[in-house]
Amino acid sequence: MKSIVLLCLLPLALIAQSSLREDTANLKGINFLYMNVDTSLAPDITASERMDISDIVELQLRRADINLRPYVVNAPKSNVPLVEVSIKEADARGGDSYELVLRVHDFVTIDRNKEKTIATIFEVRRQTTPTTNNMVPLKTRLRELMGDFVAAFKKENP
């Protein structure tokens, strides 16, 4: 009985593994990135903590020798390819935990409702657990998230 269950789960594992490869393969050929950090959905984060978070993201990208270009707020379509890190409060656990999402948008367009949309070609999510000092686990998880992204980016763009 166990072997039948394992045989049924094997194709699902292979599909999940191949979809992970497809996600990282979409990063191939990107020579530079624009960077944006959005914490608007996490009102508990102060201005100094926002700067720390932005510095962590930028430092991880620069240490990996990823060419960063300045982000222009008023021209979202010219900021492509864009690595966007958004941080929001996790609804399920209350205000002490956060959800971190890293997305890469590229010039790939999708027609939705007869309108061109810039596609998300890569996405990674992490969640923090609530603690008394919620910035320490947030920054730790952010460093892990950026480390995973940098490894995937460098794998596709050596």
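What counts and how
- Going along each chain's sequence as written, the residues are numbered from 1 onward.
- In keeping with the predicted nature of the model, local features appear solely for residues at pLDDT of at least 70, side-chain atom pairs appear and are counted solely at 80 or more, and the whole-chain, interface and lining totals rest on all residues.
- Excluded from the side-chain calculation are hydrogens and water; included are all heavy atoms of the structure.
- Think of it this way: any DSSP run of H or I at least four residues long counts as a helix, any run of E at least two long counts as a strand, and we number them from the N terminus.
- In this analysis, two residues are considered to be in contact whenever any of their non-hydrogen atoms come within 4.5 Å of each other.
- We get accessible surface area from the Shrake-Rupley algorithm with a probe of 1.4 Å; when it comes to residues, only the shown protein chains can shield them.
- Classification of residues uses two cut-offs on accessible area relative to the type maximum, computed with a 1.4 Å probe and protein chains only: under 20% is buried, over 50% is exposed, and between them is partly exposed.
- For this count, His and the chain ends are skipped, Lys and Arg are scored as positive, and Asp and Glu as negative.
- Any carboxyl oxygen of Asp or Glu within 4 Å of a side-chain nitrogen of Lys or Arg constitutes a salt bridge here.
- Whenever a helix is involved, its axis is fitted only over the stretch in contact; in every case the axis is a line through C-alpha atoms, and angles between N-to-C directions fall within 0 to 180 degrees.
- Angle categories: roughly parallel below 35 degrees, roughly antiparallel above 145, roughly perpendicular from 65 to 115, and oblique for all the rest.
- In this scheme the handedness of a crossing depends on how the near helix is turned from the far one: anticlockwise by less than a right angle means left-handed, clockwise means right-handed.
- Three classes are used, and their members are as follows: Ala, Val, Leu, Ile, Met, Phe, Trp, Tyr, Cys and Pro are nonpolar, Asp, Glu, Lys and Arg are charged, and the others, Gly among them, are polar.
- A pair of strands is considered paired only if DSSP assigns at least 2 bridges between the two.
- Here a helix's expected span is defined as the number of its residues, less one, multiplied by 1.5 Å.
- We call a set of buried Ala, Val, Leu, Ile, Met, Phe, Trp, Tyr and Cys residues a nonpolar core when their side-chain atoms join them within 4.5 Å.

Trainee: Just to check I follow, could you spell out the overall build of the protein chain for this structure?
Mentor: In terms of helices and strands, the protein chain carries three helices and five strands. For the protein chain, the sequential pattern of α-helices and β-strands runs α-β-α-β-β-β-β-α. Counting only contacts in the protein chain whose residues sit at least 6 apart along the sequence, the fraction spanning at least 24 positions is 64%. When the accessible surface of the protein chain is totalled, it reaches about 9900 Å², and 55% of it is carbon and sulfur.

Trainee: How do you make sense of the environment of aspartate 96 when you look at a structure like this?
Mentor: Within the secondary structure, aspartate 96 sits in the loop between strand S3 (82–89) and strand S4 (98–112). Sequence spacing of aspartate 96 and threonine 128 is 32 residues, and the spatial spacing of their C-alpha atoms is 8.5 Å.

Trainee: Before we go on, may I ask you to explain the side chain of glutamate 84 in this structure?
Mentor: Along the chain, the position of glutamate 84 falls in strand S3. Nearest to the buried, unbridged glutamate 84 among oppositely charged side chains is arginine 103, at 4.3 Å. Aside from chain neighbours lying at most four places away, what touches glutamate 84 is Asn36, Val101, Leu102, Arg103 and His105.

Trainee: Hey, could you run me through the packing of helix H2 (residues 47–63) against helix H3 (residues 135–156) in this one?
Mentor: Packed helix pairs are characterised by how far apart their axes lie and by the angle those axes make with each other. Between H2 and H3, the shortest axis-to-axis distance is 9 Å and the interhelical angle comes to 25°. On the basis of their axis angle, the class for H2 and H3 is roughly parallel. In this structure, H2 crosses over H3, and the sense of that crossing is right-handed. In contact with Glu49, Asp52, Ile53, Ile56, Val57, Gln60 and Leu61 of H2, H3 contributes Met135, Leu138, Lys139, Leu142, Arg143, Met146, Phe149 and Val150. In the contact of H2 with H3, the residues fall into ten nonpolar, one polar and four charged.

Trainee: Would you mind going over the pattern of salt bridges with me for this structure?
Mentor: Two side chains carrying opposite charge are able to pair once their charged atoms lie near each other. In this structure the tally under the stated criterion is eight salt bridges. For glutamate 99, the salt bridge identified is with lysine 88, shortest N-O distance 3.6 Å. In this pair, glutamate 99 is assigned in strand S4 and lysine 88 in strand S3, connecting sequence segments eleven residues apart. For glutamate 99, the salt bridge goes to arginine 125, with nearest N and O atoms at 2.6 Å. Taken together, the residues span a long stretch of sequence, with glutamate 99 in strand S4 and arginine 125 in strand S5 (residues 115–127) at a distance of 26 residues. In this structure glutamate 99 comes out as buried when scored by relative accessible area, which is 16%. Arginine 125 gets classed as partly exposed once you look at its relative accessible area, which sits at 42%.

Trainee: What should I look at first to understand unusual backbone geometry in this one?
Mentor: One can expect most non-glycine residues to show negative phi and most peptide bonds to be in trans. With omega at 5°, the peptide bond leading from valine 80 into proline 81 counts as cis. Mapped onto the elements, proline 81 comes out in the loop between strand S2 (67–69) and S3.

Trainee: I'm lost on the pairing of S3 in this one. Help?
Mentor: Walk down a regular strand and you will see the side chains alternate between the two sheet faces. Most of S3 is tucked away: six of the eight residues are buried. Both strand S1 (residues 32–41) and S3 contribute to a ladder of six bridges, which runs parallel. Bridge pairing in S3 places aspartate 38 opposite serine 86.

Trainee: In this structure, what is going on with H3? I would like to understand it.
Mentor: Note on helix geometry: an α-helix contains 3.6 residues per turn, so any two residues three or four positions apart are oriented the same way. A rise of 1.5 Å per residue sets the reference length of H3, with its 22 residues, at 32 Å; its end C-alpha atoms lie 32 Å apart and thus fit the reference within 8%. Every buried residue of H3 is accounted for by Met135, Pro137, Leu138, Lys139, Leu142, Leu145, Met146, Phe149, Val150, Ala152, Phe153 and Glu156.

Trainee: Sorry if this is basic, but what is going on with the nonpolar core here?
Mentor: Nonpolar side chains in soluble globular proteins tend to end up buried together. With 33 residues, the main nonpolar core has Leu61, Val104 and Phe149 as its most contacted residues. If you list the elements that add at least two residues to this core, you get S1, H2, S3, S4, S5 and H3. Beyond its immediate chain neighbours, meaning those up to four positions away, valine 104 contacts Leu27, Ile30, Leu33, Leu82, Val83, Ala119, Thr120, Ile121, Phe122 and Phe149.

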